Amino acid sequence: MKGDRVEIVVDAGDTTRTYEVVASRAGRRVETAVRRGVVEVSEVTRNGTVVRTARFMATRVLALVEQPVPRQDASEGPLREDPKA
């Protein structure tokens, strides 16, 4: 969903660095995976095509914070008014 983002805090020796991967367009999402000592954060299209990927050594990652966009619940009401009502 557009606006979904993941913040990655990495140990850079004497300091920390923060990186962000954001779903920049409608229909895109951000996926995370930890494989073989590497943390991958990817922006993915609806079809599953990877647009861009950030890779970090898992031993250096201090925090991985996923921040989804708040979505409207179905119980909160309709997205638009029913024209027949």
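Quick note: structure is the one above.
Residues numbered from 1 in each chain as written. Predicted model: local features only at pLDDT ≥ 70, side-chain atom pairs only at ≥ 80, totals over all residues. Heavy atoms only, no water.

Caption draft 1: Region of interest: the pattern of salt bridges. Per the counting criterion, the structure on display carries 8 salt bridges. The partner of Glu-40 in a salt bridge is Arg-55, with the nearest N and O atoms 2.9 Å apart. In this pair, Glu-40 is assigned in strand S4 (residues 38-44) and Arg-55 in strand S5 (residues 50-57), connecting sequence segments 15 residues apart. In this structure, the salt-bridge partner of Arg-52 is Glu-43, at a minimum N-O distance of 2.7 Å. (Salt bridge = Lys/Arg side-chain N within 4 Å of Asp/Glu carboxyl O. Helix = DSSP H or I, 4+ residues; strand = E, 2+ residues; numbered from the N terminus.)

Caption draft 2: Main features of the sheet that holds strand S2 (residues 16-22). Read across the open sheet, the 3 strands follow the order S2-S1-S6; overall the sheet is antiparallel. Lying at the two open borders of the sheet, with one neighbouring strand each, are S2 and strand S6 (61-67). For this sheet, the mean inter-axis angle between neighbouring strands, taken without regard to orientation, is 15 degrees. Sheet topology note: the strand S1 (residues 5-11)/S2 ladder contains 7 bridges and is antiparallel. Among the inter-strand pairings, Asp-11 is bridged to a residue of S2, identified as Thr-16. (Pairing = 2+ DSSP bridges. Axes fitted to C-alpha atoms, helices over the stretch in contact; angles between N-to-C directions.)

Caption draft 3: Representation of the packing of aromatic side chains within the structure. Evaluation of the coordinates by the stated rule reveals 1 aromatic pair. Taking 5.3 Å as the distance between ring centres and 40 degrees as the angle between the ring planes, the aromatic pair formed by Tyr-19 and Phe-56 counts as tilted. Here Tyr-19 is found in strand S2, whereas its partner Phe-56 is found in strand S5, with 37 residues between them in sequence. (Phe/Tyr/Trp six-rings, centres within 6.5 Å; stacked < 30°, edge-to-face > 60°.)

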